Amino acid sequence: MKITALLVLKCDPETREPVILANVSDLSQFGKFSFYRSNFEEFIVFIARTVARRTPPGQRQSVKHEEYKVHAYNINGLCAVGFMDDHYPVRSAFSLLNQVLDVYQKDYGDTWRFENSSQPWPYLKEASDKFRDPAEADKLLKIQRELDETKIILHKTIDGVLARGEKLDSLVEKSSELSLASKMFYKQAKKTNSCCTLL
Amino acid sequence: MKQGPSSEDDCFSLLKQFEHVLESDPLIDEVGFIHPSQFTMLDKEAGFSNEFQPNNGTSSKFWNQDHKLGISTDILVQLCKDAKHVFLLALQEYKSHGNACDESQIKNISCSPCIPESDVMKHSQSVLLLSSDFGTAWNARKLILSKKDHLSAFTEELRLSGLILSNSPKSESTWSHRRWIIKMISQSFSTLQEIITKESELVESIGERSKMNYRAWHHRCWLVSYMTIEQVIQELNKSKRWAGLHVADSSCFHYRRRLMLKILESLYVKGSSAYDKTEARKIWKEELDWNEELVERYVGREALWLHRRFLSLNWIMYFACNHSDASPETGESIIMNEEIAIFIDNEIRLLDSSMTVPDTKFEDFQAQALHAAVYTLWLTKSIPVLWRMLEEKLGTEKVKCVLNTIAQERPSLLHHLVNV
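Keep in mind that this is a model prediction, so the values were computed, not measured.

A. Quick look at the overall build of chain A. A count of helices and strands for chain A gives 6 helices and 6 strands. Listing each helix as α and each strand as β along chain A from the N terminus yields β-β-α-β-β-β-α-α-α-β-α-α. Oriented by its inertia axes, the alpha-carbon framework of chain A measures out at about 45 × 35 × 30 Å. When burial is assessed residue by residue, chain A has 53% of its 199 residues classed as buried. Long-range pairs, those at least 24 residues apart, make up 62% of the contacts in chain A with a sequence separation of at least 6. Put simply, chain A shows about 9500 Å² of open surface, and 53% of that area lies on carbon and sulfur atoms.

B. The environment of Ile143 of chain A, seen in detail. One can find Ile143 of chain A in helix H4 (residues 134-143). For Ile143 of chain A and Leu97 of chain A, which are 46 residues apart along the polypeptide, the C-alpha to C-alpha distance reads 14 Å.

C. Structural context of the interface of chain B and chain A. Counting from both sides, the interface comprises 31 residues of chain B and, opposite them, 27 residues of chain A. Summed over both partners, the interface of chain B with chain A comes to about 2300 Å²; 60% of that surface belongs to carbon and sulfur atoms. For chain B, the biggest contributors to the area lost against chain A are Leu245, Lys361 and Phe362 of chain B; these three give 29% of the whole. One can count 5 salt bridges joining chain B with chain A. Across the pair Glu45 of chain B and Arg37 of chain A runs a salt bridge whose closest N-O atoms are separated by 3.9 Å. Summed over the shared surface of chain B and chain A, the number is 5 residue pairs in polar contact (both at pLDDT 80 or more). Elements supplying a minimum of two residues to the side of chain B that touches chain A: strand E1 (30-34), helix H3 (38-46), strand E3 (68-72) and helix H10 (192-209) of chain B. Here the side of chain B that touches chain A takes 5 residues from E1 of chain B, the largest share from any one element. Grouping the amino acids of the side of chain B that touches chain A by side-chain chemistry returns 12 nonpolar, 7 polar and 12 charged.

D. Seen up close, the sheet that holds E3 of chain B. All names here are of chain B. Ordered in space as E1-E3-E2, the 3 strands form an open sheet in which the pairing is mixed. Single-partner strands in this sheet number two, and they are E1 and strand E2 (62-65). On average, adjacent strands in this sheet sit at an angle of 15 degrees to one another, irrespective of strand direction. With 5 bridges connecting them, E1 and E3 associate as parallel partners. Looking across to E3, one finds that Gly32 is bridged to Gly70.

E. Summary view of the pairing of strand E4 (residues 68-75) of chain A. All names here are of chain A. Among the 8 residues of E4, 7 are classified as buried, and the element is accordingly described as predominantly covered. By the bridge criterion, 6 bridges tie strand E3 (residues 60-65) to E4 in an arrangement that is antiparallel. Each bridged residue has a counterpart across the sheet, and for His65 the counterpart in E4 is Tyr68. With antiparallel pairing between neighbouring strands as the criterion, E3 and E4 make up a hairpin whose turn holds 2 residues, including Glu66 at a positive phi of roughly 50 degrees. By the bridge criterion, 8 bridges tie E4 to strand E5 (residues 78-85) in an arrangement that is antiparallel. What sits directly across from Ala72, in E5, is Val81. The hairpin turn running from E4 into E5, its antiparallel successor, is 2 residues long, and Asn76 in that turn takes a positive phi close to 55 degrees.

F. Fine view of the nonpolar core. Counting 149 residues, the largest nonpolar core has Phe18 and Ile71 of chain B as its most contacted members. Ranked by residues supplied to this core, first place goes to helix H16 (residues 302-319) of chain B with 11 residues. Residues within four places of Phe18 of chain B in sequence aside, it is in contact with Phe62, Leu69, Ile71, Leu79, Ser126, Leu129 and Leu130 of chain B. Core analysis: the second largest hydrophobic core is formed by 31 residues, Val45, Ala52, Val81 and Phe185 of chain A among them.

G. Here's a closer look at the domain arrangement of chain A. Residue and element names in this part refer to chain A. The domain boundaries assigned to chain A delineate domain 1 (3-133) and domain 2 (143-192). The straight-line distance from the C-alpha centre of domain 1 to that of domain 2 is 13 Å. Taken together, the contact between domain 1 and domain 2 spans 27 residues of the former and 26 residues of the latter. Note on domain 1 versus domain 2: buried area summed over both sides is about 2400 Å², and carbon and sulfur give 57% of it.

What counts and what doesn't
- Residues numbered from 1 in each chain as written.
- Chains lettered and ligands numbered in written order.
- Predicted model: local features only at pLDDT ≥ 70, side-chain atom pairs only at ≥ 80, totals over all residues.
- Heavy atoms only, no water.
- Helix = DSSP H or I, 4+ residues; strand = E, 2+ residues; numbered from the N terminus.
- Buried < 20%, exposed > 50% of the residue type's maximum accessible area, 1.4 Å probe, protein only.
- Contact = heavy atoms within 4.5 Å.
- Areas by Shrake-Rupley, 256 points an atom, 1.4 Å probe, with all protein chains shown as cover.
- Buried area = accessible area lost by both parts, 1.4 Å probe.
- Salt bridge = Lys/Arg side-chain N within 4 Å of Asp/Glu carboxyl O.
- Polar contact = N/O pair within 3.5 Å; in protein donor to acceptor, adjacent residues only side chain to side chain.
- Nonpolar A, V, L, I, M, F, W, Y, C, P; charged D, E, K, R; others polar.
- Pairing = 2+ DSSP bridges.
- Axes fitted to C-alpha atoms, helices over the stretch in contact; angles between N-to-C directions.
- Core = buried A, V, L, I, M, F, W, Y, C linked by side-chain atoms within 4.5 Å.
- Domains from an automatic or database assignment.

Okay, here's the thing in structure tokens:
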């Protein structure tokens, strides 16, 4: 069980694409020479933005994607996104995301509304190590101030999050933030039906 | 390139370069095949600017930093062909001339025609790093090693096969070779305990990066036959955390069952004491409670339910029953007693709570219901009285619901398990 990536994004309805404020990802699953290593972070950022953008304030949603589940929680425009193993319990994941948003607000107040780039934030790495075991995240449930009754919306695929008529394939194709290598990689992986590349 | 009679200098320069890199860095612990486009990225990661080329001449073929070695896929095929060719020549030389030289001389003579043994070792290493399942190469090494009598030769062999596993973690020949080495060590030396512990740790670290690696876990199960009971109990404790973090991995629970089986077997050996049985009982109970915790936290994980089958049945047959010394024959019906009844009550409660499906979007809850149902049905095969208890506790409607769940997903299973 592990937390593959944690991100904090600013989702401003004025700016089209969410801005990454902080992120951390775990590359330890890839050997030194794994070809996936170099493109992995790009994919994470792409998917995080795609999901966060479609998570309105006050909403919580989870998307199943290959062997991961992507969870997103938006509170007043500040959005936490987590990439976890498929079997990391959904409630524990949101408990963690809630905590991440809490601590971020404590550390940065409202300054994030004027921030437009990613800053290193050590808590994120600590959190992804500590809450690797969902039992730790469950402990948070007891001390979290408000019991969040918001329903968690579940999607079986990323296409489920997208608007009617939108498809992940075309988003990848049109994206200006994915390198050519990544796009070719995506096409190839789809053709051979291989997994574990996140896209 | 020059044509004509084999000018070894030209034709095998790739192999020479490769073997030179290996010799100059004996601490290499990871090997991989890399696409040419990765060189720049790896250099950047290591902190080198574009102008500085650390490996002059070999910069686009081999990447070697921090004891890691990457081989460009551009040269891979040629290198592999060369290595095989040179190895087979060396092997032929070794077999036809025998190894007339004394071992100690080999270190001093660097290019005498009479050192076929070290050539075979050198070139077989090269070929196996590129093609880990080349049986002839492994056999050649076994042939030479079986004539050695110092432990260092075998530990060095463990190091090499570990290096090969870093690139080919599922190579059965490599795992098999490791078992051969361990057997050889166990026959002549007595330091097995530590080796077994290290071997077990190696499998766990490989299992972390290489998912669904049956061969690695099979290897770990094989080690159990060399463990003392103290070591078995230690292993059970040490590997618990990892198992708890990999609940979808059936192999690691299969390993735990192998360990627990060994504990169980030791109870039926002459000389086992009541203390041993108490200890074993405690371990079993802990495992059962822990498994229940996991089953409730990680909804729908089949590996956990499969593990529970083993735990429950053996609990009922060996620990909770009234047979004091004799082990029950299979097929003998189990005599109900209070302890077994309490246990079964709990299993029925577990089944009941698993049958509620709050939402169907992610299928985890549906899977949980199915696994719980199948588990219960499986138990009834050994404990026929369970049927009656289910009816009593849950009522006919719920029992029908359980059977329906199975009928929908696994109809053939229902037919097989229920003697209607």
